[in-house]
Every structure is written in C-alpha cells, then in structure tokens.
Amino acid sequence: MNQIPQHTLSDDQLMREYDRIQAQAFLGKSAAFFGSLLCSLKFSWQREGCQTAQTNGIELQFNPDFFIWMCPDARETVLMHELWHVAYLHGIRQSSRDGEVWNEACDHYINLQLEADGYKFTGIEDCCKDPRYIGWVEEDIYDDLRKNPQKRRKPSGGICDGLAGDMVTLSSGSSQGAVVNNVVRAMQQQKLAGGTLAGKGAGRLQEAITQFLKPVVPWQQVLMDFFTDIDDTRYTWARPNRRYTDIYLPSIEDDEGRLRHLAYFEDVSGSISNADSLRFNSEVAYVKSQFNPKKMSLITFDDVIQDEIDITEEDTFEEIKITGRGGTSLIPVRDWIIKNKPTAAIIFSDMCVAPMEELPFDIPIIWVCLNNRNASVPFGEILHIDAGMK
C-alpha cells in the first residue's frame, strides 16, 4: 500500500467520516436488514494485517489510510461489499475450498451484483467483477476459476490486491452459529419493518441461508424410510386412472389413516435460536414437497401451544412465524396429539425438557433432537442433529 499516504485526520474526524458512510446502510428499502447486520459487527480501524477492508462475519475492519483515500461513493460500495460477505455466509460456506480462490469467486459475485444495483467503483475499478460471471453463483464461479486459473485476477501491485483478500474465515463453530443467527435476525428485522430486501441480492440471500441450514446428515433418508413405512398408499383396479383414457391402469387409493394428517411440532422456547427455526422451516418445506400429506398441522410450542397452522395438499408452505420464547413443556404437545389423533407426528426440539408421558394409543413419532446428544426418548424414533454440521 505504498501508493496510499497515511492520513492525518484525528480519531474523531475519522469516525465522523465513517459514520457518514455507515448511515447509508440505514437508508432505503433494505435499511432494517443492513442496519441490523451492521450493528451486529464489531468495528475497528486496523493497519496491521488489513490492507483495505475485511470481515470474518463477527468483526469488520477498515484500514484508515485506505478509507480516507477512497472517494465517498467507493467507501459506500466497499462497506456494502463487506456486509454482503456476511449476509451470504461466505466465510462459513467456504468449507474445505481454497480460501483465495473462494474469496475471489465471492468478490466477483458481490461486485457484479453491486454494479447492477447502481453502486460506484470510482478508483477501485480494478477489482473482481468479470462480466462473464453475470448470472453465475459463487460455487460455480469458484469451480470455473479452479479449472481455468488463467481467468484468475493477476496481482497488479495496486489497491485492489488488498480487496482480493477481504474475507477472513471463522473456524469456531460457536462463532459460525453467531454469524448465522445475526443474519437470520437481520432478515426478521426486515420483515418486521414491513418490507423485503431490494436489489439483486434478495432472492439469493434467502437461497443461501436455506441451503446452508439444510442438514447434510442423512436424516432426509430417515424421513423417507419413516414415511415409506407408514405410507400404505396402494393401487386399486376399482376405478380407472383418469390420466389415461385409452388404456386401463390402476389408480392410487389412500388407505384411511395413512399419511392423511401429519402433525409437525416446533419448539420455540428460549433455548431455540433463530437459525434453528429456519432449519425447521426448511425441513417442513422438504416434507411438504416430497410427501404432500392430505393435511399438515404445523404447531409451535414452548410451555403452551403458541400457534397452529393447517395446510392441505393444495396449499403451499412458506414459513412458520416465530412466537413464544418461554420455557419448554411437552404436556401441551401430548394433549394436542390425544385430542387430534394425527396419523404421525414429528417433534422438533432440543429436548431440554422432561420426557413425554406415554400416549394412550400408538402413532409413529420422530423426535428431531437439536444440539443434545445425551437426550433420549421413552418411545418413538429419535434423530440427533448438531447445529454446527454443514
């Protein structure tokens, strides 16, 4: 960074300049999201080990000389660039990928998005934003850069060389969880503010969050086995299949009581994080799309039943709203099952609660236990999931 002279501003003057740019994140249709995300980051000025700007999802650092050197438009662009790294969980999604190439791929994706949204790159034009990657996602850009190293950005000795290393990977599982929670919280703040994210990144953000939280342990297969066992759908020749008029094929007949009513319980007590709730929503969507029971009851609970939503096979599932955050009890869950007699039940909880008393009748139950490997259940099948898995 020999080409950037050391600034001569006082600390107060420097912070005032930063506050002017930071305020931009609190403006516009996406203010609630970016404002929440920005407030979750610990900010500091850093010359040592930070050539330009960088983030690990928990901290945000700027080199003060670089910051003062940039024009105001570029400062805003770089700040939003760092916030999008956090929003897209880039540091976490890196996994075992090469860090430098992954950072470059993510930079291409973010910068092309920012350019499309009208952000200026005055003075920092020599950054990663190859138009050949318009419409690509980060993973595909990464694979292409790995296969074609000649496409990688060549170090020029300029300022943007520092921007190419602006993402610091987190190794701690608890820190990764904090980043996910902060992003989910920011998304919820945006919804509470009554609006959706503006710009090109809105759809990709939801996709990235959902994909990251989609479990990689094979419990989808467990669900498949579970439902295959209880799904007594059979073929009958009693009435013709109306899809085929020129041949006589059997039609599907549902046996009464089999996959006609699935109860899906979500623990929303204080020990369940926002990220855990988003994981739950992803799994409900999976079950709905794969098995589409005639009726699904989606019930949230803490020490009481907080909410209940019924969706039929014709309905689409969007998400379950989070209420509650009190203590935990399985008594209201048991009472609901006894009263409504669903075909089967899935209970999603960290199981930090007294066990459920035996039911007066048998129904298939899966207990999806989050972050509590020591938990056991008196009946049904238990499936353990660790939040740190990815």
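Residues numbered from 1 in each chain as written. Predicted model: local features only at pLDDT ≥ 70, side-chain atom pairs only at ≥ 80, totals over all residues. Heavy atoms only, no water.

Draft legend 1. Examining the nonpolar core more closely. Ranked by internal contacts, the top residues of the largest apolar core, which has 51 residues, are F33, F62, W84, V183 and L205. If near-sequence neighbours (up to four positions away) are discounted, W84 is found in contact with F34, H90, I110, Q113, L114, G201 and L205. Counting residues in hydrophobic clusters, the runner-up holds 21 residues, among them V333, W336, A345 and A375. (Core = buried A, V, L, I, M, F, W, Y, C linked by side-chain atoms within 4.5 Å. Buried < 20%, exposed > 50% of the residue type's maximum accessible area, 1.4 Å probe, protein only. Contact = heavy atoms within 4.5 Å.)

Draft legend 2. Geometry of the confidence of the model for the chain. Residues with a pLDDT of 70 or more make up 76% of the chain, whose mean pLDDT is 80. The secondary structure element of the chain with the lowest average pLDDT is strand β5 (residues 250-253), at 41, and the one with the highest is helix α13 (residues 331-340), at 97. Low confidence marks residues 170-174, where pLDDT is under 50. Its contacts with residues over four positions away, or in another chain, come to six contacts. This model gives residues 232-258 a pLDDT under 50, and the stretch forms 37 contacts once residues within four places in sequence are excluded. (pLDDT = per-residue confidence, 0-100. Helix = DSSP H or I, 4+ residues; strand = E, 2+ residues; numbered from the N terminus.)

Draft legend 3. Here's a closer look at the pattern of salt bridges. The full count for this structure, using the stated rule, is 14 salt bridges. Residue E313 pairs with K294 through a salt bridge whose shortest N-O separation is 3.5 Å. In this pair, E313 is assigned in the loop between β8 (305-312) and α13 and K294 in the loop between α12 (274-291) and β7 (295-301), connecting sequence segments 19 residues apart. Note on E313: relative accessible area 31%, which makes it partly exposed. Connected through shared salt-bridge partners, R93, E138, E139 and R204 make up one network. (Salt bridge = Lys/Arg side-chain N within 4 Å of Asp/Glu carboxyl O.)

Draft legend 4. Summary view of the packing of aromatic side chains. For the coordinates displayed, the defined rule picks out 18 aromatic pairs. Each ring, one from W84 and one from Y88, has its centre 4.8 Å from the other, and the planes form 25 degrees; the classification is stacked. Taken individually, W84 and Y88 each receive the classification buried, so the pair is uniform in this respect. Taken together, the aromatic side chains of Y18, F43, W45, F62 and F67 make up a single cluster linked through ring pairs. Cation over ring: R75 sits above F67, and NZ or CZ is 4.7 Å from the ring centre. Over the ring of W102 we find R97, and its NZ or CZ is 4.7 Å from the ring centre. (Phe/Tyr/Trp six-rings, centres within 6.5 Å; stacked < 30°, edge-to-face > 60°. Lys NZ or Arg CZ within 6 Å of the ring centre and 35° of its normal.)

Draft legend 5. Up close: helix α1 (residues 11-22). With 12 residues, α1 should cover 16 Å at 1.5 Å per step; its first-to-last C-alpha distance of 16 Å lies within 8% of that length. Along α1, the residues classified as buried are L14, Y18 and I21. When α1 is viewed along its axis, its buried side chains cluster within an angular range of 55 degrees and face the same direction. In this fold, the buried residues of α1 make contact with α2 (31-39), β1 (42-45), β3 (59-62), α3 (64-69) and α4 (72-87). (Expected span 1.5 Å × (residues − 1). Arc of directions from axis to C-beta.)

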